Amino acid sequence: MKGSIRRTFVEYLFITIGAFIMSLGVGVFLVDAKVVPGGVTGLSMAVHYMTGNTFPVGILMWILNIPLFIWGIMELGRSFGFRTFWGFTVNAFFVDFLRGDIVGSIRLQDSGAVSYLLENDFFFLVLIGSVFLGVGLGIIFKFKGTTAGSDIIAAIARKRWKFKPGMTIIVTDFFVICIAGLAIHVKGLSPETPVVVLMLYSFLLLLVSSQLIDVIIFGFDYAKSAYIISDRHEEIAREITQVLGRGATAF
């Protein structure tokens, strides 16, 4: 019992750490750059832009994630639902906290280093945001959590069809980026940088972050094997294929 409580505490702790790292990438580096990462986060950023920055990104993320939270409970169980609620709640809080949209918080996006990158090294700015985003999401997935959005779709796809989360996120977020790019173009929100260029940066962001997610979860070498000798080989094979999402061969 104590071991289970300790394991759950560690998992929620790392989900929180992952959400904070992800929030650094989104709130500090990507929002003002108008490079949309896709998913609910990307939609929230688009609404943020279109309303003249009236609504904080984090609050919008939390509101838009509620329907996916309900879906997660229905598809993946109450335990997953609790983790999902915690993940997208702390993620939304950290985004607004780091952007100064909460009383007593700070505006890291106005720091000298971030402002310099935004003006003089846009590519490196987006790259840093991609790394924070991918590492944060990878940690969250590693410890059985999610921040909802396209993450929850990836988690369901991993459970049902054994798809790698990073690849699932690429497919679902592709369409979100296109929609957000269209919204930014219609509203004329990026007069300095062509919308097509911002969308290309978004696809680069998506590629880098998705690869980092898979690296965090599976490691650098995906090809690993183990020999298991047991009279309960059928039960073990079923656990490996259905729970771990790996292949099993009988000799």
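Above this text sits the structure in question.
Residues numbered from 1 in each chain as written. Predicted model: local features only at pLDDT ≥ 70, side-chain atom pairs only at ≥ 80, totals over all residues. Heavy atoms only, no water.

## A word on the overall build of the protein chain
Note the following rule: We count a stretch as a helix when DSSP gives it H or I for four or more residues in a row; a strand needs E for two or more, and each element gets its number in order from the N terminus. What the globule rule says is 2.2 Å times the number of residues to the power 0.38, and the radius of gyration is computed from C-alpha atoms. Under the scheme applied here, a residue whose accessible area is under 20% of the maximum for its type counts as buried, over 50% as exposed, and between as partly exposed, the area being computed with a 1.4 Å probe on protein chains only. We call two residues in contact whenever any of their non-hydrogen atoms come within 4.5 Å of each other.
Within the protein chain, the regular secondary structure consists of 10 helices and 0 strands. Going from N to C terminus, the protein chain has its helices and strands arranged as α-α-α-α-α-α-α-α-α-α. In summary, the protein chain has a C-alpha radius of gyration of 19 Å against a globular reference of 18 Å for 251 residues, a match within 12%. Taken over the C-alpha atoms alone, the protein chain extends approximately 65 × 35 × 30 Å along its principal axes. Looking at the 251 residues of the protein chain, the share that counts as buried comes to 44%. Looking at the protein chain alone, contacts between residues at least 24 apart form 69% of all its contacts between residues at least 6 apart.

## Let's talk about empty space enclosed by the protein
The following threshold applies: A cavity, in this analysis, means grid points on a 1 Å lattice covering only the protein atoms where a 1.4 Å probe fits yet has no way out; a pocket is instead an open set bounded by protein on both sides within 12 Å along at least five of seven lines, and a residue lines either one if it has an atom within 4 Å of a point. Grid points are joined across faces, edges and corners, and a volume is the space filled by probe spheres set on the points. For this classification, Asp, Glu, Lys and Arg are treated as charged, while Ala, Val, Leu, Ile, Met, Phe, Trp, Tyr, Cys and Pro are nonpolar and the rest, including Gly, are polar.
Throughout the structure, instances matching the rule amount to 3 cavities of 30 Å³ or more. Elements that contribute at least two residues to the lining of the second largest cavity include exactly helix H8 (165-187) and helix H9 (195-218). For the lining of the second largest cavity, the class distribution of residues is 6 nonpolar, 2 polar and 1 charged.

## Focus: the side chain of Asp-96
Counted only if it meets this: Only four residue types enter the tally: Lys and Arg on the positive side, Asp and Glu on the negative side; His and the chain ends are excluded. Salt bridges are defined as contacts in which a side-chain nitrogen from Lys or Arg sits within 4 Å of a carboxyl oxygen from Asp or Glu. For the purposes of these results, a polar contact is taken to be a pair of N or O atoms within 3.5 Å, where, inside protein, one atom must be able to donate a hydrogen and its partner to accept one; residues adjacent in sequence count only when each atom of the pair is a side-chain atom.
Tracing the backbone through its elements, the reader meets Asp-96 in helix H4 (residues 78-98). Nearest to the buried, unbridged Asp-96 among oppositely charged side chains is Arg-99, at 6.0 Å. At 2.8 Å, the side chain of Asp-96 and the backbone nitrogen of Gly-58 are in polar contact.

## Looking at the layout of surface pockets
Gaps left between atoms show up when a probe the size of a water molecule is rolled over them. Estimates place the volume of the second largest pocket at around 750 Å³. Surrounding the second largest pocket, 20 residues form its lining, Ala-226, Ile-228, Ile-240, Ala-248 and Thr-249 being those nearest its centre. Tallied by class, the residues present in the lining of the second largest pocket amount to 13 nonpolar, 5 polar and 2 charged.

## Here we look at a nonpolar patch on the surface
Stated formally: Residues qualify for a patch when their relative accessible area is over 30% and they have no salt bridge, like charges being joined within 9 Å and the nonpolar side chains of Val, Leu, Ile, Met, Phe, Trp and Tyr within 5 Å. Using a 1.4 Å probe, accessible areas were evaluated by the Shrake-Rupley method; residue-level cover was limited to the displayed protein chains.
Taken together, the side chains of Phe-9, Val-10, Leu-13, Phe-14 and Ile-17 present a nonpolar region at the surface, about 420 Å² in accessible area. By relative accessible area, Val-10 is classed as partly exposed at 30%.

## Examining the packing of aromatic side chains
As a reminder, the rule being used: Any two rings among Phe, Tyr and Trp, with Trp reduced to its six-membered ring, count as a pair given centres within 6.5 Å; such a pair is stacked if its planes are under 30 degrees apart, edge-to-face if over 60, and tilted if neither. Charge-over-ring placement is defined geometrically: NZ (Lys) or CZ (Arg) within 6 Å of the ring centre, and within 35 degrees of the ring normal.
Here the structure, examined in full by the defined rule, presents 14 aromatic pairs. Pairing Phe-20 with Phe-94 gives two aromatic rings, centres 5.1 Å apart and planes at 85°, and the pair type is edge-to-face. With a gap of 74 residues between them, Phe-20 in helix H1 (residues 2-30) and Phe-94 in helix H4 connect regions that are remote in the sequence. Take Phe-20: its relative accessible area is 31%, and that puts it in the partly exposed class. An aromatic cluster of at least three residues, connected via ring pairs, comprises Phe-20, Phe-93, Phe-94 and Phe-97. Seen from the ring of Tyr-49, Lys-34 lies directly overhead, with NZ or CZ sitting 5.3 Å from the centre.

## Notes on helix H3 (residues 57-76)
Basically, it comes down to this: A helix is expected to reach a length of 1.5 Å times the quantity of its residues less one. The seven residues ending at a residue and the seven starting there each receive a fitted axis; the angle between those axes is the bend at that residue.
Given a rise of 1.5 Å per residue, 20 residues ought to cover 28 Å, and the 27 Å separating the end C-alpha atoms of H3 matches this to within 8%. At Ile-66, H3 shows its largest kink, close to 40°, and the proline Pro-67 lies no more than four residues downstream. All of the buried residues in H3 are Val-57, Gly-58, Leu-60, Met-61, Asn-65, Leu-68, Phe-69, Gly-72 and Leu-76. The first or second residue beyond H3 is Gly-77, which carries a positive phi of 100°.

## Section: the environment of Arg-99
Relative to the elements of secondary structure, Arg-99 occurs in the loop between H4 and helix H5 (112-120). On a C-alpha basis, the gap between Arg-99 and Tyr-227 in space is 50 Å, while along the polypeptide they are 128 residues apart. Excluding anything up to four places from it in sequence, Arg-99 contacts Gly-27, Val-31, Asp-32, Ile-106, Arg-107 and Gln-109.

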